[in-house]
Amino acid sequence: MPTSGIGDEGDEPVTPPRLQLEHITKRYGTLVAVDDVSLTVQPGEIHSVLGENGAGKSTLMKVIYGAVRPDAGVIRWNGEEVHVRTPHEARALGIAMVFQHFSLFDTLTVAENVWLGLSRDRSLKEVTAGMQRKAEEYGLELDPKRPVHTLSVGERQRVEIVRALLADPKLLILDEPTSVLTPQAVDKLFVTLRQLASTGCSILYISHKLDEIRSLCSQCTALRAGKVTGTCDPMQATTASLSRLMIGTEPPKLPHREPRPGALALQVRNLGLPRLDRFGVSLEDVSLDVREGEIVGIAGVSGNGQQELLAALSGEDPRAEAHAIQLFGSGIGRMSAGQRRRHGIHFVPEERLGRGAVPTLTLALNLLLTRRESLRALGWIDRGALRKQAVGIIDRFGVKASGPAAVAKSLSGGNLQKYIVGREIDAVPRVLIVAQPTWGVDVGAAAQIRGELVALRDTGCAVLVVSEELEELFEVTDRLYVISKGRLSPSIRTHAATREQIGEWMSGLWPAETAAGLEEAR
Amino acid sequence: MIELEARTTPSVWMGVLSPVVALAITVVVAGLLFAALGKDPVRGLSVFLVEPFHGPRALTELGLKATPLILISLGLALCYRSNIWNIGAEGQYLIGAIAGGWLALSVTNAGLAMPRWAFFPLVVVAGAVGGAFWAGIVAFLRDRFHASEILVSLMLVYVANLLLSYLVFGPWKDPNGFNFPQTVNFSSATQLPRLIRGMRLHAGFLLALAAAAVMWAFMFRMYRGIQLQVGGPAPAAARYAGFSSRSALWTTLLLSGALAGVAGAFEVTGPMGQLTPYVASGYGFTAIIVAFVGRLHPLGCVLASVLLSMFLIGGELAQSRVGLPSALSGVFQGVLLFSLLACDTLILFRPRWRRST
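Predicted model, so just to flag it, every value in this text is computed and none were measured.

**A few points about the overall build of chain A**
Looking only at helices and strands, chain A has 17 helices and 21 strands in total. Over its C-alpha atoms chain A spans a radius of gyration of 24 Å, differing by no more than 12% from the 24 Å that the globule rule assigns to 522 residues. Here the C-alpha coordinates of chain A stretch approximately 80 × 55 × 45 Å along the principal axes. Out of the 522 residues belonging to chain A, those deemed buried represent 49%. Counting contacts in chain A only where the partners sit at least 6 residues apart, residues at least 24 apart contribute 68% of the total.

**A short note on the overall build of chain B**
Scanning chain B from N- to C-terminus turns up 13 helices and two strands. Against the 2.2 N^0.38 benchmark of 21 Å for 357 residues, chain B shows a C-alpha radius of gyration of 22 Å, consistent with a compact globule. Dimensions of chain B, computed from the C-alpha atoms along their principal axes, are close to 80 × 60 × 35 Å. Pairs at least 24 residues apart make up 79% of the contacts formed inside chain B by residues separated by at least 6 positions.

**Let's talk about the interface of chain B and chain A**
At the interface, 16 residues of chain B touch 26 residues of chain A. When contributions to the side of chain B that touches chain A are tallied by element, the ones reaching two or more residues are helix H8 (223-231) and helix H9 (235-241) of chain B. With five residues, H9 of chain B is the single largest residue contributor to the side of chain B that touches chain A. Classifying every residue of the side of chain B that touches chain A gives 10 nonpolar, three polar and three charged.

**Structural notes on the sheet that holds strand S1 (residues 19-28) of chain A**
All names here are of chain A. In space, the four strands of this open sheet follow the order S2-S1-S4-S5, with antiparallel pairing throughout. Lying at the two open borders of the sheet, with one neighbouring strand each, are strand S2 (31-41) and strand S5 (80-82). The mean angle between the axes of side-by-side strands here comes to 30 degrees, regardless of whether they run parallel or antiparallel. As judged from the five bridges shared by S1 and strand S4 (residues 72-77), these two strands associate in the antiparallel manner. Bridging across to S4, Leu-19 finds its partner in Trp-77.

**Some details on the packing of helix H4 (residues 89-110) of chain B against helix H10 (residues 245-272) of chain B**
All names here are of chain B. Relative orientation of the contacting elements H4 and H10 amounts to 50 degrees, with a least axis distance of 6 Å. The angle between H4 and H10 falls in the class oblique. The element H4 and its partner H10 pack so that their crossing is right-handed. Contacts between H4 and H10 involve Ala-89, Gln-92, Tyr-93, Leu-94, Ile-95, Gly-96, Ala-97, Ala-99, Gly-100, Gly-101 and Ala-104 from the former and Ser-256, Gly-257, Ala-260, Gly-261, Val-262, Ala-263, Gly-264, Ala-265, Glu-267, Val-268 and Thr-269 from the latter. Of the residues belonging to the contact of H4 with H10, the class tally is 12 nonpolar, nine polar and one charged.

**Quick word on the sheet that holds strand S15 (residues 330-331) of chain A**
Strand pairing within a sheet occurs via backbone hydrogen bonds; the two strands may be parallel or antiparallel. Residue and element names in this part refer to chain A. An order of S12-S11-S14-S15 is seen for the four strands of this open sheet, with the pairing classed as antiparallel. Of all the strands in the sheet, the pair left with one neighbour each is strand S12 (283-291) and S15. Relative to strand S14 (residues 325-327), strand S11 (residues 264-273) runs antiparallel, the two being bridged by three bridges. In the sheet register, Leu-266 faces S14, and the bridge partner there is Leu-327. In this fold helix H9 (residues 306-314) packs onto S11, S12 and S14, with an angle of close to 60 degrees to the strand it touches most, S12.

**A few points about the domain arrangement of chain B**
Residue and element names in this part refer to chain B. Taken domain by domain, chain B comprises domain 1 (1-39 + 324-357) and domain 2 (61-323). The partner domain 2 presents 15 residues to the 13 residues of domain 1 that form the contact. Going through the elements one at a time, helix H1 (12-36) and helix H13 (328-348) are the ones with two or more residues in the side of domain 1 that touches domain 2. No other element matches H13, which puts seven residues into the side of domain 1 that touches domain 2. Residue composition of the side of domain 1 that touches domain 2, by class: eight nonpolar, four polar and one charged.

**Details of the nonpolar core**
Core analysis: the largest hydrophobic core is formed by 257 residues, its most contacted members being Ile-173 and Val-463 of chain A together with Leu-71, Ile-72, Leu-74 and Leu-259 of chain B. If sequence neighbours within four positions are ignored, Ile-173 of chain A has contacts with Met-61, Ile-64, Tyr-65, Ile-95, Met-97, Val-98 and Leu-204 of chain A.

**Things to note about the packing of helix H12 (residues 383-396) of chain A against helix H13 (residues 413-426) of chain A**
Residue and element names in this part refer to chain A. Where H12 meets H13, the closest approach of the two axes is 9 Å, and the angle between their N-to-C directions is 115 degrees. If you check the angle between H12 and H13, you find them roughly perpendicular. In terms of crossing hand, the pair formed by H12 and H13 is right-handed. Packed against H12, whose contacting residues are Ile-393, Ile-394 and Arg-396, the element H13 presents Tyr-419, Gly-422, Arg-423 and Asp-426 at the interface. Grouping the constituent residues of the contact of H12 with H13 by class yields three nonpolar, one polar and three charged.

**A short note on helix H6 (residues 149-169) of chain B**
Residues and elements named next belong to chain B. With 21 residues, H6 ought to run about 30 Å at 1.5 Å a step, and its terminal C-alpha atoms sit 30 Å apart, in line with that. Residues of H6 that are buried: Glu-149, Val-152, Ser-153, Leu-156, Val-157, Ala-160, Leu-164 and Val-168. In an axial view of H6, the angular spread of the buried residues amounts to 155 degrees, which keeps them on one side of the axis. Looking at H6, the residues exposed on the side facing more than 90 degrees away from the buried face are Tyr-158, Leu-162 and Tyr-166. Contacts from the buried residues of H6 go to H4 and helix H5 (116-145).

**Comments concerning the domain arrangement of chain A**
Residues and elements named next belong to chain A. Annotation of chain A at the domain level lists domain 1 (19-247), domain 2 (254-344 + 429-522) and domain 3 (352-426). It is helix H14 (residues 443-458) that provides the largest number of residues to the side of domain 2 that touches domain 3, a total of five residues. In terms of residue class, the side of domain 2 that touches domain 3 is made up of seven nonpolar, two polar and three charged.

**Topic: the environment of Gly-273 of chain B**
Residues and elements named next belong to chain B. Following the sequence through the fold, Gly-273 ends up in the loop between H10 and helix H11 (283-293). Judged by C-beta crowding, with 18 C-beta atoms within 10 Å, Gly-273 ranks as partly exposed. For Gly-273, the residues in contact, after removing those within four places along its chain, are Asn-185, Phe-186 and Gln-191.

**Section: the confidence of the model for chain B**
Of all residues in chain B, 98% have pLDDT values of 70 or greater, and the mean over the chain is 90. For this predicted complex, the interface score ipTM comes out at 0.81, while the overall pTM is 0.77.

**Quick word on the pairing of S11 of chain A**
Bridging between S11 of chain A and S12 of chain A involves six bridges; their strand directions are antiparallel. Directly across from Leu-273 of chain A, in S12 of chain A, lies its bridge partner Leu-283 of chain A.

**Focus on unusual backbone geometry**
Residue and element names in this part refer to chain A. Even without being a glycine, His-23 presents a positive backbone phi close to 55 degrees. Relative to the assigned elements, His-23 resides in strand S1. Here His-23 falls in the exposed class, since 12 other C-beta atoms lie within 10 Å of it.

**Structural notes on the confidence of the model for chain A**
In the predicted model, chain A carries a mean pLDDT of 85, and the fraction of residues at 70 or more is 91%. In this model residues 1-10 of chain A is a low-confidence stretch, pLDDT under 50, and it forms 11 contacts with partners more than four residues away in sequence or in other chains.

**Looking at H14 of chain A**
Residue and element names in this part refer to chain A. In this model, H14 (16 residues) spans 23 Å end to end at C-alpha, consistent with the 22 Å of a helix rising 1.5 Å per residue. On its buried face, H14 sits against helix H8 (239-247), strand S13 (295-299), H13, strand S17 (431-435), strand S18 (462-466) and helix H15 (470-476). Positive backbone phi, at 105 degrees, marks Gly-460, one or two positions downstream of H14.

**Some points on the environment of Pro-255 of chain A**
You can see Pro-255 of chain A is positioned in the loop between H8 and S11. Along the sequence, Pro-255 of chain A and Ser-198 of chain A sit 57 residues apart, while their C-alpha atoms lie 41 Å from each other.

Procedures and definitions
Residues numbered from 1 in each chain as written. Chains lettered and ligands numbered in written order. Predicted model: local features only at pLDDT ≥ 70, side-chain atom pairs only at ≥ 80, totals over all residues. Helix = DSSP H or I, 4+ residues; strand = E, 2+ residues; numbered from the N terminus. Rg over C-alpha atoms; globule rule 2.2 N^0.38 Å. Buried ≥ 20, exposed ≤ 12 C-beta atoms within 10 Å, placed from the backbone. Contact = placed C-beta atoms within 7 Å. Nonpolar A, V, L, I, M, F, W, Y, C, P; charged D, E, K, R; others polar. Pairing = 2+ DSSP bridges. Axes fitted to C-alpha atoms, helices over the stretch in contact; angles between N-to-C directions. Parallel < 35°, antiparallel > 145°, perpendicular 65-115°, else oblique. Left-handed = near helix turned anticlockwise from the far one by under 90°. Domains from an automatic or database assignment. Core = buried A, V, L, I, M, F, W, Y, C linked by C-beta atoms within 7 Å. Expected span 1.5 Å × (residues − 1). Arc of directions from axis to C-beta. pLDDT = per-residue confidence, 0-100.

Right, dumping it as C-alpha cells:
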C-alpha cells in the first residue's frame, strides 16, 4: 500500500502530486466535452485552467468533483488512483468546489443551504457561527439568516465560496469567482487564496480573466474545444500569449473614440423607492443623467440596489413618482414597461433565460417580447415578417443558432445574449439600458457586444450600462456612477477615474464636497 | 441496469410518441385486468376499443360524448399553458348547464315557438355567461385576495353542485314529476339542432370543432395568445415585456369558464332535455386528463377527447355486455394519465443500458 499520510507532505522531496488527471475524456452524445485531458496539481499550487465558455473547463471540474463520471481516464489523488463517484466522496477526500452555476435551494436560508450539504453531526447553530467566522476571516459580507431567493447573483456566489471554505479543503476548485467582487475584494480574496495555498491547500482556479491569472497563479493549463492547447507559467507569460493559448488569437481591441454628448435623454431626479421586501435594497435620493451619444456606466458590487434601480427604470417596478424619471423632459415614472418601450426606452436584463427570453419559445417568437413590427390587425402575427426579422438579427449580430425556429434555451449563453442585445439595438432605441452585458459570455462575443454598444452610442443613442465587471465599464463607458447601498455617487469621467478610486466608491466612500467639483469639471 | 440520462434538447419525437405509448400500456393493463377478473381479455378489449367505433350510431354517440370534453379541455389547455390552474371546470360546466336550463325552462314555460337554429346561439350565450361568471369568481378572489385558484375553483364545484340540487329539488322541480328531482322536459323548440336524423349528435359538435380551430389560431398565431403563454413558463419575462399578469389571469379564466359553461348548456339542451342532478357527470374533471393527454394543444385535445369518450362509452358497454362495473373506465383513465406522466419523463431524459459496476 502506498503511503499517503499527511506527515510526509510538505518538506519531503518525493511528495506525490495532490491531483493528477490522466487522459480524461467525457462525451455527451456526439459532443466530446473533454478530450484526452491530462493535468497535474502539486500541493499548495494555485493552478489556473484557462479557456472560453464551452471549452470544457466546467465539465472537467465536475469530473474531479464527482458530479460527472468520465468515459475514460484515470484520476490520482495524492498518488493513489481514485474513483470519485459522487460529490460526497469528493468532499470526503478533501475536494471543495464553488460552481459557476449555483446549487442553492431558493426557499431555504443561506445557513440552512450550507447545513444541508454537510454531514449530520453539526447543528444549524454551529454552522451559522462557523459561516460567520469564515466570512469575517475572508472579508466576505454575508448574512446567514437570509433566504436565498432574496440574494443577487453575486451574493449567491459569496455563499458558495464560504460554503466551500467551511470544509477546510485540501483542493479548492473555484469557477470564475471574481466577476462579482470589487477590485479591493478581489485583492483580498487573492490574499486569502495565497494564504490558503501556503498552508498546503491546492487551488484550481478557472477563469478567462488573463490579468487575474497572471497575478495569482503559478501554473496554467489552457483548454480549447475540450483539448489541452498548452501549459505555461502565467507569471512569465504575457497577456497576449495567454490569449493565443485560449482563443487562438489576441482579443480585439476596442478603439476609443471621444463621445459627442447631445441632448439630455434620460434623467433621474431624487428617486427614492422603499424596498419591496425585507431583503431588497431601498433606493435613496438617486439622481443620474444620460445624454444622447454617450455611454454611462453604473459600477457597484451586486446587491447594492442595481436590480431595484433597473426595475424602476425599465418600468417593471412602476412605483416611482412620474417626474422622478424623465425621458426627454417628460415624466415616465409611472409608465409600464410596455409604454416606456413605445417611448423608446429599451432594456437588456441581467437574466437572459426566463426574463430576457422565454426558454421554451423560438427565437422568432421571442422577438414579440419587445418588438411589435410583425403584428397585423387584431394582433395577428405575420409569421413571414417575424421570421425575416429574426433572421436579420441572427445574421447581423452573428448569432450561432440553427435558425429562427431554434428555442431560446438551445443557444449558448453568449449567443443568446448577442440575440437579445441585437433585438434591442435593432429596435433603434432612443435610450438603451443594459445590465451585465457580457456576463458569462466568451471573449469574442463580449468584444462584439461592447463594440455594438459603442457603435450604437455613435449613432446618437443614450446608453446606460450597469455592470459588476469594472474592466468592462472602463473599456466601454464615457462616464461612471457608482452605486452603493441604494445610493448613487456623483458621476466621474471614466478616463479621469482610477480603479482604486472606483473601488473605494463601491464601499460608499465618495466625498460629497469634491463630488460637486467633479460634476463641474465635466 | 437502466439509467436515465438528461437529453441536451427535449425530444420532439417522444412528445408525440408518449401519449401513444401510454395508450399501449393502458391497453395491456386493461387486458391483464380483464383476465384477472375472469373475463376474456379479447372480448373485453373489443368492447372498449372496437365497439365504440362500430357503426354510425356508435360513432355519433362518440361525437356526442366528445363535444363537452373538447370544449372544456380547450379552455383548460389555455389556462395550463398560462400557468393558471383551473381544476374546477366541472363547476363552471354545471353553472353553464343551469344557465342553459334556465333559458330552456323559460322558453318552455312561456310556450314560445321559435326555430331551433335561432335558439342555438342563445344557448351558447347563456352557457358562456354562466360559466364565465363562475370562473370570474375564481379570478376575482385570486386577483383581489391572492386566493389560490386551485383550491377556489375546486371548491366552487361543490357549491355549483349544491346549487343545482337546490334548484331541481326546490323551485324548478317538475310539479307533475312524481317528486323526482328534475325539471319539466324542455319544449322541442329548445332542442339543439341535430346533425343526422335519428341520431343524438347535435350542432354543438361542429361548434366544438370550430372552437378548436379558433383556439389553435389564438394560441399560435395571435399576439394575445403568445402573451398569455409567456406568463406561464417565464413570469419574469412577462413582467419585462410589460404583459400584465392580471389580464392573463382574467382572460384565461373567463375564456375557459365560458367554454365549460357552453359545454354544460349543450348537455342539458342536447341529450338530456331537462335538468337533473345527473348533469354532474364528471366531464369537467375528465377534461383535465384530456388536456394533458392532448399535450395542451387544440388538435391534441380533439383527438384525446375522442379517446376518453371511447373509454366512457366502453365503460357503459362493459357493464351491459360483459358484466363489469362501468367504474372500470375511471380506472383506465387513471392508468392512462399515470403512464402518460411516466412516459413524459422520456421527453427530457434518455434511457441508457449500463452494465452495473
